[in-house]
Amino acid sequence: MSDKTSRGFTRRNFIKGAALLTATGALAGCSPQKQGMEEAVTNEVVKDEVYSGVCRGNCAGGCFLNVHVRDGQVVRTTARDMPNTDYNRICTKGLTHVARIYGADRLQYPMKRVGERGEGKFERISWDEALDTIAENWKGIADQYGPGAMSVFYASGNYAICSGVGLGGATDRFINVTGASYIHQSVDAAHGRAFGIITGMTPYGTNNEPADYKNSKTFICWGANPSVSQPQVMHFIMEAQEQGTKFVVIDPVYNATAAKADWYIPIKAGTDGVLGFGLLREIIDQGYADEEFIRNHTEACLLVKNDDGKLLRMSDLGIEPAMVVDPATGQEVPNDPYAVWDEDAQAVVELSKATKPAITGVSEAEGFAVTTAYDRLLETVAQYPLDKVEAITGIPQADIKELARLYAEEGPVNTYSMFGCDHYVNGHYNYWSMYLTAIFTGNVGKPGAAVGFSEAMPVAVANMTATLAPADAAGNPCQGQAAKYFVNQVGEIQQTGKIAGKDAALKGVYITLANPLVNMAEHEYTQSWVSNMDFVVVADMTMTETAKYADILLPSAHWFEQTDLFTSYANHPYLLWQDKAIEPLYESKSDFQIYKALCEKLGYGEFWDITEEDFIAQYVSGDAAEALGVTFDGLKNDKAARLLPGDPFVSFEGGVFATATGRARLYQDVVVSDYDSGQEIDESKEVEPYWEPAREADEASEARKTYPFHLISEHHRSRTHSQWGDVSYLKEIYPEPVVKINPDDAVELGIAEGDTVKLFNDRGYVVMKAALHAGNPRGVASATRGWSAWEFIEGHFASLPSKDFNQVCANQAFNDVAVGIEKA
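Report on the accompanying structure. The model shown is predicted, which means the values in this text are computed figures rather than measured ones.

This brings us to the overall build of the protein. Looking only at helices and strands, one finds 25 helices and 36 strands in the protein. In summary, the protein has a C-alpha radius of gyration of 27 Å against a globular reference of 28 Å for 824 residues, a match within 12%. When the backbone C-alpha atoms are referred to their principal axes, the protein occupies close to 90 × 70 × 55 Å. The long-range fraction of contacts in the protein, counting pairs at least 24 apart against all pairs at least 6 apart in sequence, stands at 74%. With an accessible surface of roughly 30700 Å², the protein has 47% of that area assigned to carbon and sulfur atoms. Counting 69 positive and 111 negative side-chain charges, the protein places the centres of these two groups 6 Å from one another.

Printed below as a string of structure tokens:
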């Protein structure tokens, strides 16, 4: 369905505009000339058909678009009205979809490899041959090694549920139906792990929604660069600042966001957790702590047994746990409540029954030697006097004191953080003390006061039982995902046939919605595991670096060539409907239709006997969606539906967190690793707030003795990871990768602006041009990610970061990188 509207666009203007697009390569199949175009002799108004569209790469934007179609072709995009028009936005990426649809790099038909993997030599085949070849190899591998030996690798190339990776979406259904294994990309995990521990929830949707930012008296942007990475949210910050909100930026680099700050606080990279401890110390020493909030809304009162480090529970006192129904599973589970000391009752009682739980000074409880979680935290905080914090972070003590005062006296305070602190091996250790700073001053759970960031997730509306666990006509469930492996485990599985002592096999991979050869750490490792697969299928819209390694290459349709629903990871609170604006170009198919065709070839057709609209209807068919007023008909007609309660949404409203107790956590006595590679785990680092230096980025690391520069990878302003790398006229603005170096460092290295330089470490190297940037501190270089191999002079930027994980957090540490730099 479209809205036919007159935009006052004359045929004369259209011809001029089309000529401009043609000259810049925006319209594929048209040479850069005006041949065949006739100058208009009238000002006849040309009417567009306007469709609902969504820009849905992983930039936290999810911008709502008008897709303008004329004579069956998309001719432009404009911003479409959100239900709350404050969220109307479009950036250079949203404006250049025409160039992506009609670009020269667009895959047009299925192909099979005829050269070596990575060589990029293919020949055209039919869809029947492509599907038959995939099915034959898939069945052969499954029959010989089990269904889990075929795997699916996906990333964040399309945040929609039918042909993308939206939570509860069709890609996960495809894995479940085929019984394949899932190879997890292992990125951006430290923030989510830490936030899940502290609040019981991932960081997605934990901050108040952006429309609330104006209610903050102080807005602290800590480890984020929204001017570049989340431009759709930056205007809310700027508008709050214009209304009087103090805008503070904490970042190692003086970047575009820092340039807008009222107060910029430079910090040594990877030391954010130490600043958190310093702030907590000052908050406690100066009496800034909101004791009532800590007592009533955190687990500060929980009692840790001194002998074994376990939390004291009522079962320790001889009270048998009651059986209760777990709402998530419907199964009965034991409920063993925590025990606390109640100052009013002067006795040990169940946490939920305490009227004034003690947070300090408890050393004995019913014969157990104990310490409160709060007192244990105080012991850790005492290890960080401000002079030590200054030495580690580089932040003067006076600034630490003033920042603590802002938290205490200039609230409500919003602490906005993205992944700047995440991309280090010590990433999740940074966030616990950071966010306790806000929690201990009561700056969460009310208008203007929040922590985290505002990427909304559709957990509240998705009926994932319906979408992910289909049954056949006889009611038999699909076989389900065979196994989940993490990307840095794949090589070991291929070499040994085991992981963590257990048998494992990975012989084939279906890569979709991803470009791992560009975006994963340790390029040579990624190249190796992809090449070592017996069978590789890649589905993509363009000829990416990864696509060149496919045995069978499938052309995926553009987002505007299919019906879909945007659901995930946006800085706005809406589900957005994608109309099918045009038919898929050439022989391309939507990923949903590719999954359907493959399931039929593999003998699983009964599990995919649905259309895209059927799937969307299943997605919003549950009670939760109904409670929010979200319906299929409403979405299809209105094109948008709010997925968060409240207006604006306030996260953890009233100080109620998503943990089992409803309180923010200070201590955990059960440590669960994200992954199992048979690694040893020092649990003392994981049970309570802790910090250790970054593995390579820290100034005193062993790596920096050999490779003296810390390398930070930045987001590209006009790309989302490697997407939009195919838009030729954006390359006129950013024609090639460059590395930014502090001018004083450049003088010592004999490097001038525009010189060719080599960055290197023991994992690899890359050669690119140098740019001098005084915003980088000495010893710190930075460059944007998302460039393909052929865009570098030599080498690859993805060769420099390590694939190695933290002991429990499966997270690629893109910024925890030491390099040497020399003039090439």
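Looking now at helix H6 (residues 189-199). Among the 11 residues in H6, 10 count as buried, and that is most of the element. Restricting attention to buried positions, one finds in H6 the residues Ala189, Ala190, His191, Gly192, Arg193, Ala194, Phe195, Ile197, Ile198 and Thr199. Where the residues of H6 are buried, they touch helix H14 (427-440) and strand E20 (450-452). Downstream of H6 by a residue or two, Gly200 has a phi angle that is positive, lying close to 85°.

What follows deals with the nonpolar core. Of all hydrophobic cores here, the largest spans 87 residues; its most connected members are Phe247, Tyr416, Tyr510, Leu554 and Trp608. When residues no more than four places from it in sequence are discounted, the contact partners of Phe247 are Phe219, Cys221, Met234, Ile237, Met238, Gln241, Thr257, Lys260, Ala261, Asp262 and Trp263. Leu351, Ala354, Trp432 and Ile439 belong to the second largest nonpolar core, which has 64 residues in total.

Below, the discussion takes up the sheet that holds strand E29 (residues 640-642). Spatially, E27-E28-E29 is the arrangement adopted by the three strands of the open sheet, whose pairing is antiparallel. The sheet terminates laterally at strand E27 (564-566) and E29, the two strands that pair on one side only. Between one strand and the next, the sheet's axes are offset by a mean angle of 20°, whatever the strand orientation. Sheet analysis places strand E28 (residues 574-578) next to E29, joined by three bridges and oriented antiparallel. Bridge assignment links Leu575 to a residue of E29, and that residue is Ala641.

On the surface, Glu600, Glu606, Asp609 and Asp614 cluster together into a patch of negative charge. One can find Glu606 in the loop between helix H19 (591-602) and helix H20 (612-619).

This paragraph deals with the side chain of Lys305. If you trace the backbone, Lys305 turns up in strand E12 (residues 303-305). On the accessibility criterion, Lys305 (8% relative accessible area) is buried. The contacts of Lys305, once residues within four sequence positions are left out, are Lys310, Leu311, Leu312, Asp316, Phe368, Ala369 and Val370.

This part covers unusual backbone geometry. Pro412 follows Gly411 through a cis peptide bond whose omega is 5°. At the junction of Asp647 and Pro648, the peptide bond is cis and its omega measures out at 5° in the coordinates. On the secondary structure map, Pro648 appears in the loop between E29 and helix H23 (702-706). The backbone of His721 sits at a positive phi, close to 55°, despite the residue not being glycine. In this structure, His721 sits in the loop between strand E30 (709-714) and helix H24 (728-731). Owing to a relative accessible area of 23%, His721 belongs among the partly exposed residues under this scheme.

Attention shifts here to H20. For H20, every residue scored as buried is listed here: Glu612, Phe615, Ile616 and Tyr619. Viewed along the axis of H20, the buried residues span an arc of 100°, placing them on a single side of the element. Contacts from the buried residues of H20 go to helix H5 (170-178), helix H15 (464-468), E27, E28, H19 and helix H22 (632-638).

Relative to each other, helix H4 (residues 127-145) and H19 sit at 55°, their axes nearing to 9 Å. With respect to their mutual orientation, H4 and H19 come out oblique. Handedness of the crossing formed by H4 with H19: right-handed. The residues of H19 that touch H4, namely those facing Trp127, Leu131, Asp132, Ile134, Ala135, Trp138 and Lys139, are Ile594, Ala597, Leu598, Lys601 and Leu602. Looking at the contact of H4 with H19 residue by residue, the classes come out as nine nonpolar, no polar and three charged.

Rules used in this analysis
Residues numbered from 1 in each chain as written. Predicted model: local features only at pLDDT ≥ 70, side-chain atom pairs only at ≥ 80, totals over all residues. Heavy atoms only, no water. Helix = DSSP H or I, 4+ residues; strand = E, 2+ residues; numbered from the N terminus. Rg over C-alpha atoms; globule rule 2.2 N^0.38 Å. Contact = heavy atoms within 4.5 Å. Areas by Shrake-Rupley, 256 points an atom, 1.4 Å probe, with all protein chains shown as cover. Lys, Arg positive; Asp, Glu negative; His and termini not counted. Charge placed at Lys NZ, Arg CZ, Asp CG, Glu CD. Buried < 20%, exposed > 50% of the residue type's maximum accessible area, 1.4 Å probe, protein only. Core = buried A, V, L, I, M, F, W, Y, C linked by side-chain atoms within 4.5 Å. Pairing = 2+ DSSP bridges. Axes fitted to C-alpha atoms, helices over the stretch in contact; angles between N-to-C directions. Patch = residues over 30% accessible without salt bridge, like charges linked within 9 Å, V, L, I, M, F, W, Y side chains within 5 Å. Salt bridge = Lys/Arg side-chain N within 4 Å of Asp/Glu carboxyl O. Arc of directions from axis to C-beta. Parallel < 35°, antiparallel > 145°, perpendicular 65-115°, else oblique. Left-handed = near helix turned anticlockwise from the far one by under 90°. Nonpolar A, V, L, I, M, F, W, Y, C, P; charged D, E, K, R; others polar.

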